[in-house]
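# Coordinate analysis (summary)
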Amino acid sequence: MAPRRIDARELPAGSALARRLAQIEKVARAVTLEHDGTPVEARAGEPVALSLAAAGRLTLARSPKYHRPRGAACLRGDCDGCLVRAGDQPGVMACRLAADSGMKLTSQNAFPTAGFDVFAVTDWFFPKHLDHHRLMVDFGDAVNRTMQVFARRMAGSGTLPELPTGVVPHRTRDVDVLVVGAGRAGLAAVETLAREGLSALLVDEEPAPGGAQRDRVDLAPERPTVSVDAMFDATAAATYANETLVVQHGAITRVTCRARLFATGTRDVIPAFARNDLPGVVTARAFARALTWGVLLGERVVIVGPAATGARVNEVLRALGVKTVYAPDGEVVEAHGATAVRKVTVREKGATAEHRCDVLVCADEPVPAYELAGQAGAGLAWDHDRRCFAPRSDDEGATERDGVYVAGTVRRRMSDEQRSDDGVRVARRIARDLRGSR
Amino acid sequence: MTAKVMLCRCEDVTLDEVDEAIALGHTDIESVKRYTGFGTGWCQGKQCVTLCARVLAERTGEAPTLPFTPRPPVHPVPLGALASLGAHGGDDDA
Ligand code: FES
């Protein structure tokens, strides 16, 4: 069985997800894309990765060394499993690309296509790993050079555009505070900053505010209003002491500011188990996000892990009449399948069992998205309980680098209300610090 | 496909490879990165740093060393956009 679209009427009337889907269906506009030469029906505005998934096209690329199949695993710009060539632009994240009529998408790094790739033999030649330390040195110079040429041709990410794209001019902005992340913490922070009389610019990678809220299958759709200047669909790609580069629709804005607040939330990780990179192995938030767009990623679903999203997804699936295996305390031992997941071995409470499935949902607790704060110079510490790194900050979100602050779940686990409170608390601290430095 | 445990998807670095690096005495994140190339791909460590740090913590029984500084860009940026940061780029340089 394959992924398919669901509509609001399949869900309990009045449920949060049914209301979301009804809203989408009201404005849905059918468009046709092309993937590797095949027409694909889509809805305008939805993530292209989901249009392709709904059409049963899960394998989008091949991995660099072994040419293993790659597919969308996170649907939020973190795993890079969804890279495609869009038009003549290589390396575009299909999960962040909004479907539009006439789009031409091609698989990358695959010969001839991602669905069937002749170089997948590399995976079998080197069943454990390809040791480039020895492979490249032990056989002498000539072999070495040939291998390099071969490796270069096989690896890489896509093909360059036919024509040079030209220089895209940048803009500049100057504000008191740059806030990255428009989830609960970031939104509460910018409101507080405005009340304190400070100018702020809010930046978020998503097309609209809401943060983690946007993927909640148990909450009715909500469009928080943003009272300050904001850039959506925009990535704070690099941050330096004197400026931060924000990239939106292929153009850079250089932002200068007196304080930077990173309310970047969390990322999902797929844990280490055999064939954890198979298409069809997805994070719980990815599965939930697909549902909010009306796409059911599989009909036989195994959910493993303790994160709340896993339980919420399980509830929706039961309501839909989809058979699930839900193992909140379990651990995946191994996933099986040739080009997509077909079976999974799960250990729970000392017992090991195999389950047939077409999607494996990894509901591990998310980890802090500390990268930008780290770039900015915030210190990091290993969190023993959650087994991940997190930025170090005091009670009010100040890091050890002057002018760099963190708020919300990038700091620690928080309830919905705590996130807003934290945004307010840290914003007040920023206001105090900035007044002091005037 | 074979039963590899993938720790770094962007650069195809397996658990086996990281274990070999550890066996050779690379027990801090930076050295394991230099030996295996994990974290040097498209995502610049967004997925793999946590996984590799967890393996190191398990194998050594200690908290892993701090990770390498996350490098910009957080996501790849088109060269055409970066080019404007040079001498003749934006509205402030006109
Ligand atoms: S980056 Fe697009 S699915 Fe993970």
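Residues numbered from 1 in each chain as written. Chains lettered and ligands numbered in written order. Predicted model: local features only at pLDDT ≥ 70, side-chain atom pairs only at ≥ 80, totals over all residues. Heavy atoms only, no water.

## Considering the overall build of chain B
This is how the line gets drawn: A run of H or I in DSSP counts as a helix once it spans at least four residues, and a run of E counts as a strand once it spans at least two, with each numbered from the N terminus. We compute the radius of gyration over the C-alpha atoms and compare it with the globule rule, which gives 2.2 Å times the number of residues raised to the power 0.38. Any residue under 20% of the maximum accessible area for its type is buried, any over 50% is exposed, and the rest in between are partly exposed; the area is computed with a 1.4 Å probe on protein chains only. Any two residues whose heavy atoms approach within 4.5 Å at even a single point are treated as in contact. Where accessible areas are quoted, they stem from the Shrake-Rupley method and a 1.4 Å probe; at the residue level, only the protein chains shown are allowed to cover. In summary, the charge assignment counts Lys and Arg as positive and Asp and Glu as negative, without counting His or the chain termini. Taken as the charge location is NZ of Lys, CZ of Arg, CG of Asp or CD of Glu.
Secondary structure summary: chain B contains 4 helices and 2 strands in total. Listed N to C, the secondary structure of chain B is β-β-α-α-α-α in terms of helices and strands. The C-alpha radius of gyration of chain B comes to 17 Å, more than 25% above the 12 Å expected for a compact globule of 94 residues. For chain B, the spread of C-alpha atoms along the three principal axes comes to 55 × 35 × 20 Å. Among the 94 residues that make up chain B, the fraction classed as buried is 54%. Contacts in chain B between residues far apart in sequence, at least 24 positions, make up 56% of those at least 6 positions apart. When the accessible surface of chain B is summed, it comes to about 3800 Å², and 53% of that surface belongs to carbon and sulfur atoms. Charged side chains of chain B number 8 positive and 13 negative; the gap between the two group centres comes to 4 Å.

## Some words on the confidence of the model for chain B
All names here are of chain B. Which entries qualify depends on this criterion: pLDDT measures how confident the predictor is about each residue, on a scale from 0 to 100.
With 91% of its residues at a pLDDT of 70 or more, chain B shows a mean pLDDT of 87. Mean pLDDT in chain B bottoms out at helix H4 (residues 79-83), which sits at 89, and peaks at helix H1 (residues 15-23), which reaches 95. This complex was scored by the predictor with a pTM of 0.93 and an ipTM of 0.91.

## Comments concerning the sheet that holds strand S23 (residues 359-362) of chain A
Residue and element names in this part refer to chain A. Applicable threshold: At least two DSSP bridges between two strands are required for those strands to pair. Between the N-to-C directions of two axes lies an angle of 0 to 180 degrees, each axis being a line fitted to C-alpha atoms and, for a helix, fitted only over the stretch in contact.
Reading across from one edge, S16-S23-S18-S19 is the order of the 4 strands in this open sheet, with parallel pairing throughout. A strand with exactly one partner marks an edge of an open sheet, and here the two such strands are strand S16 (281-283) and strand S19 (323-327). Averaged over all pairs of adjacent strands, the angle between their axes in this sheet comes to 20°, without regard to strand direction. With 3 bridges joining them, S16 and S23 adopt parallel strand pairing. Residue pairing in the sheet places Val 281 in a bridge with Leu 360 of S23. Here helix H7 (residues 284-292) sits on the sheet in contact with S16, strand S18 (300-304) and S23, set at roughly 85° to S16. Helix-sheet contacts for helix H8 (residues 308-320) involve S18 and S19, and the interaxial angle to S19 is about 160°.

## Thoughts on the sheet that holds strand S6 (residues 83-86) of chain A
Within a sheet, each strand pairs with its neighbour through backbone hydrogen bonds, oriented either parallel or antiparallel. All names here are of chain A. Here 5 strands make up an open sheet; going across it, the order is S3-S2-S8-S6-S7 and the pairing mixed. A single partner strand is all that each edge strand has here, and the edge strands are strand S3 (38-43) and strand S7 (89-93). Across this sheet, the average inter-strand angle for adjacent strands is 40°, counted without regard to direction. In terms of strand pairing, S6 meets S7 through 3 bridges, oriented antiparallel. By the bridge assignment for S7, Val 84 is matched with Val 92.

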